[in-house]
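Examination of the molecular architecture
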Amino acid sequence: MQNIIKKAFSKLTIASFTLFISLVFTSCHKEISTTNQLGNAYTISYTQIFEDFWNSMNKTYVFWGVDPTNWDEIHNTYAPKFAALDKDSTLTSDSINSLSNSYFKGMVDGLIDSHYFLSLYYTLYGVSPAQDRKLKNPVFVENLFQTAPYTPSVDGKFYYTAYIDSLYLDSNKMVGIDTSQTVTGNFYALAGFIQNTHILYFSFNVFQLVTQYNSGDSSVHATLDYFFKQLSNPAVSGLIIDVRGNGGGSTQDLNFLIGSLISSPLHVGYTRSKSGSGRLDYTPWADAIVTPRPGFSAFTKPIVALADGESASMAELTTMSLRALSKTTFVGDTTWGANGPLTQNVDYNAGTFNFGNIGTAIETGTTYYYGNAYTSSCMFKYIDGNVYEGKGFPPNYDVKVSLNQIFLPNNTVDDPQLDKAIRLLPK
Amino acid sequence: MIIKRKLLLFTAILVLTSLSYLANAQFYVGAEVGGNENYLITNVSNLISTEYVPINGFNIGVPVEYKVNDWFSLKSTPNFIQKNYQLQRTGFYQGVYQESKNGYLQIPVSAQFSFGGRALKGYLNLGGYGAYWASSHIKGAFANPLNYPAYGTSNTAYYSVTVFDYETPYYYDEKYQFNSTKDNRFEFGVYAGLGISYQVTKNYKVFTEFKYYDALTDQQKNYELEQVPRYNETGSISIGFLYQLKTKYNKFKNHRFKNHTLQVNN
């Protein structure tokens, strides 16, 4: 009997052995496929264009960790809609373009990245979710502080900063203007003392300070030199840095401007980007540091940062950096909410990308795309631990202004925000 | 009725077999250490100048062997095993990397088939394992987008070769913070091992074994559409020893043998 049992057991063992062999050597992973590299997917249908855009966003958008948009739900909602554009033969090309524009707008409407701009080259359509949100806010005044004060604006709106020049500053003020910029518009910088005070005022319209200082108009160079020289003037009682209406620019200006106010490295926050193609693959947070400028010492007098709802990107980082200094007060309005640094996608495998490769011209080799998504490459977290992307950085003193409040009869102005800044500083 | 009778017979055979084998079984316990190389099986071809490469780790375990007969054992080696890998960029972005050192508490269970002589034996293990991703440490570098050299100085070399000739690197070496939405900390897979053992004394044997662990579960939870899975695939070489414990069954067997001998002598 025992022999029979042993034989049976042996057979059972051999069967198990065979089963294990089969399991081990025939087991295999799921086939691991992935999307093409950005812009490489040749697309000939709306379904393909949609998938290319959705996948590129899924992979390279840096705010998924904090953005409330349910991107999977977006896929489920819009995939059938784009598929219908391919199938519905009753639609005209105009109605297809109109529908696809509205679908793309619907997909990105809730994104918190306030740099985000979706350009649909094929249909000549653009979407800025942050701009759309701002315009829905009745308190927000668009273009209140025009960024090119010395040239006429095509929309006929006001050149407010020019009034500051004539009505708030004393006669020793310096004005630097460079009209050679064709892409970003004219550059101006304004530095001087508030009338009858020792308060130093500095304003400029775009963060091109380093570029302008090194290769811009001589009037700009002289204005910047004047401003930096005054920082060591013992008579200065306080400083106002006005970045209202300033849409940002080069991050190298942080060390150039804020670096001239500090004597030791200033930790202002953290940045992180993507570390893989997964939606939540992130690098750790890297310290965001402003480095002092050689030859400058710490500015110890009180500072007021003036910023508003149109202060974006570097204008916000500058305001935040100033607020990281103990003697700074922020006056104005909550900023735009676009804090994430931008660079080319390849640097971090994140950020701006083309999508919907619709063909390459044989003669020129130029590849044409259905569209482009302009978006941050990194996420910024302020030193207080908050991510202000999509929310904006709030002021210490929230002073709202409107056109009627500012522009008074007889070509005069009253600027409640600047007035508040002046009141906060010793004269 | 017939089914009941068959069931009864089957149960009786099973119990008798178990008792028979238990009475003859030997129980070993020991220790082992080893080194390994882990591959993260995934696809990053959609990322520019980016690749995963394997890096070495170690494993330490407590093998437990239940020897049923000369050629068949059941074996388990609860162990701590590192499953490390590195994500790195190439070309101009050389120097950007993230090394991940992942510690798993792992329990493999296998059937061991032995062959060879009385002292020197070869064996094959086939089985499966379950593991818990207990810890992770990351170390690496990437270009810091907001940490430029002081104005007037520059990172830029005359002839810039890599990204760090332009940008300030951010170096990190820190504990990885698990993400409960993304990280799947339970892993299951299959396991195969090929080894040799040598019976040094009656109670001790030493062994060396090559083991191959192949995860069948994704390292990530299913948290996004179009997800690209990631699987660990680990090869290790271990050395160790096993000590034969005197179980009550062995004692019982010895006792019976003694009694039987005495009876013969009588």
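Above this text you will find the structure in question.
Because the structure is predicted, anything quoted here is derived from the model rather than measured.

**Observations concerning the interface of chain B and chain A**
On the side of chain A, 64 residues touch chain B, which itself brings 57 residues to the contact. Summed over both sides, the interface between chain B and chain A buries roughly 5300 Å², with carbon and sulfur atoms accounting for 63% of that surface. Three residues stand out in chain B for area buried against chain A, namely B:Asn46, B:Leu146 and B:Tyr151, and they jointly supply 16% of the buried area on that side. At the junction of chain B and chain A, the tally comes to three salt bridges. Counting across the interface, chain B meets chain A through 22 residue pairs in polar contact (both at pLDDT 80 or more). Looking at the side of chain B that touches chain A, the elements with two or more residues in it are α1 (2-24), β6 (85-89), β7 (97-116), β8 (120-143), β9 (169-175), β10 (186-199), β11 (204-215) and β12 (231-245) of chain B. Here the side of chain B that touches chain A takes six residues from β8(B), the largest share from any one element. Residue composition of the side of chain B that touches chain A, by class: 36 nonpolar, 13 polar and eight charged.

**Some points on the pairing of strand β3 (residues 64-67) of chain B**
All names here are of chain B. Residues of β3 alternate between two faces, with Glu65 and Lys67 buried on one and Val64 and Tyr66 left unburied on the opposite face. Sheet analysis places β3 next to strand β4 (residues 72-76), joined by four bridges and oriented antiparallel. Among the inter-strand pairings, Lys67 is bridged to a residue of β4, identified as Ser73.

**Some words on the sheet that holds strand β4 (residues 187-193) of chain A**
Residue and element names in this part refer to chain A. Judged by pairing direction, the sheet is mixed, and its seven strands sit side by side in the order β3-β4-β5-β6-β9-β10-β14 without closing on themselves. At either end of the open sheet lies a strand with only one pairing partner, and these are β3 (174-178) and β14 (397-398). Sheet analysis places strand β9 (residues 303-307) next to strand β10 (residues 328-332), joined by five bridges and oriented parallel. When the sheet's bridge partners are listed, Val304 is paired in β10 with Thr329. Against the sheet, helix α8 (residues 218-230) contacts β3, β4, β5 (199-204) and β6 (238-242), and its axis sits at roughly 145° relative to β3. Across the sheet, helix α10 (residues 314-323) is in contact with β6, β9 and β10; its angle to β10 comes to roughly 140°.

**Section: the pattern of salt bridges**
Residue and element names in this part refer to chain A. Scanning the entire structure with this criterion turns up 17 salt bridges over all chains. A salt bridge links Asp398 to Lys400, with the nearest nitrogen and oxygen atoms 2.8 Å apart. The exposure class assigned to Asp398 is partly exposed, which follows from its relative accessible area of 46%.

**Describing the environment of A:Gln417**
Mapped onto the fold, A:Gln417 is located in helix α13 (residues 416-424). As a C-alpha pair, A:Gln417 and A:Val268 span 149 residues in sequence and 25 Å in three-dimensional space.

**Regarding the sheet that holds strand β1 (residues 117-120) of chain A**
Across a sheet, strands are paired by hydrogen bonds formed along the backbone, either parallel or antiparallel in direction. Residue and element names in this part refer to chain A. Strand order in the open sheet formed by four strands is β2-β1-β12-β11, with antiparallel pairing between adjacent strands. On the outer flanks of this sheet lie β2 (125-127) and β11 (353-360), each paired with one strand and no other. This sheet shows a mean twist of 15° between the axes of neighbouring strands, independent of strand direction. Where β11 lies against strand β12 (residues 367-374), six bridges are found, and the strand directions are antiparallel. Pairing of Gly359 across the sheet is with Tyr368, part of β12.

What counts and what doesn't
Residues numbered from 1 in each chain as written. Chains lettered and ligands numbered in written order. Predicted model: local features only at pLDDT ≥ 70, side-chain atom pairs only at ≥ 80, totals over all residues. Heavy atoms only, no water. Contact = heavy atoms within 4.5 Å. Buried area = accessible area lost by both parts, 1.4 Å probe. Salt bridge = Lys/Arg side-chain N within 4 Å of Asp/Glu carboxyl O. Polar contact = N/O pair within 3.5 Å; in protein donor to acceptor, adjacent residues only side chain to side chain. Helix = DSSP H or I, 4+ residues; strand = E, 2+ residues; numbered from the N terminus. Nonpolar A, V, L, I, M, F, W, Y, C, P; charged D, E, K, R; others polar. Buried < 20%, exposed > 50% of the residue type's maximum accessible area, 1.4 Å probe, protein only. Pairing = 2+ DSSP bridges. Axes fitted to C-alpha atoms, helices over the stretch in contact; angles between N-to-C directions.

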